[in-house]
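Per-entry structural report
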Amino acid sequence: MILVIDIFITLYALLTMAAAIAHLLSKDISITLIVGLFLSAFITLTSLMISSRLLSLDTLLLGLLGISVFTLANGYHLYGRPHWSHHLIRLVVHIAIFVIALMTW
């Protein structure tokens, strides 16, 4: 189970990083938001490399929270409002990732 959640977190973080890079091709971007999103995904990925359980969970939570904040801010920047259904689904995924990591790490 540990390997499964590690692979899922890795894929989720890498896809988020790819999305941040893909946003650079957009015309109306905020470099600050894109860099923040990329770094938040990197922090999420880094949580897998920390041997201390408590520090690893804290780092994972920080990364997931950063992803949520920067995607929400990016929605305001690009569209004037966030797509709430997208962010609710993302919130459910983040909670699931954290709870499963909490149970297995």
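The text that follows walks through the structure, step by step, so that each part is easy to find.

Parameters at a glance
Residues numbered from 1 in each chain as written. Predicted model: local features only at pLDDT ≥ 70, side-chain atom pairs only at ≥ 80, totals over all residues. Heavy atoms only, no water. 1 Å grid on protein atoms, 1.4 Å probe; cavity = no way out; pocket = protein on both sides within 12 Å on 5 of 7 lines; lining within 4 Å. Points joined across faces, edges and corners; volume = space filled by probe spheres on them. Nonpolar A, V, L, I, M, F, W, Y, C, P; charged D, E, K, R; others polar. Axes fitted to C-alpha atoms, helices over the stretch in contact; angles between N-to-C directions. Helix = DSSP H or I, 4+ residues; strand = E, 2+ residues; numbered from the N terminus. Parallel < 35°, antiparallel > 145°, perpendicular 65-115°, else oblique. Left-handed = near helix turned anticlockwise from the far one by under 90°. Contact = heavy atoms within 4.5 Å. Expected span 1.5 Å × (residues − 1). Buried < 20%, exposed > 50% of the residue type's maximum accessible area, 1.4 Å probe, protein only. Arc of directions from axis to C-beta.

A few words now on the layout of surface pockets. Put simply, the largest pocket is a space of about 350 Å³. Around the largest pocket sit 18 residues that line it, and H23, T71, H86, H87 and R90 are the ones nearest its centre. When grouped by side-chain class, the residues that make up the lining of the largest pocket number 9 nonpolar, 8 polar and 1 charged.

This part takes up the packing of helix α2 (residues 31-46) against helix α3 (residues 53-79). Two numbers describe how α2 lies on α3: the axes approach to 8 Å, and their chain directions differ by 160°. Judged on the interaxial angle alone, α3 and α2 are roughly antiparallel. When the axes of α2 and α3 are compared, the crossing they make is left-handed. Residue-level inspection shows T32, L33, G36, L37, S40, A41, I43 and T44 of α2 in contact with α3, the latter providing T59, L60, L62, G63, L64, G66, I67, F70, T71, A73, N74 and H77. Here the residues of the contact of α2 with α3 are counted per class, giving 10 nonpolar, 10 polar and no charged.

With 22 residues, helix α1 (residues 2-23) extends 32 Å between its outermost C-alpha atoms, agreeing within 8% with the 32 Å of an ideal straight helix rising 1.5 Å per residue. Within α1, the full set of buried residues consists of I5, I9, Y12, A13, T16, M17 and A20. Take α1 and look down its axis: the buried residues cluster within an arc of 130°, on one side only. In this structure, α1 carries L3, V4 and L15 as exposed residues pointing more than 90 degrees from its buried face.

Among the secondary structure elements, H87 is positioned in helix α4 (residues 84-104). Those residues in contact with H87, other than ones at most four positions away along the chain, are T71, L72 and P82.

From the geometry alone we can't say anything about function, so treat these as descriptive.
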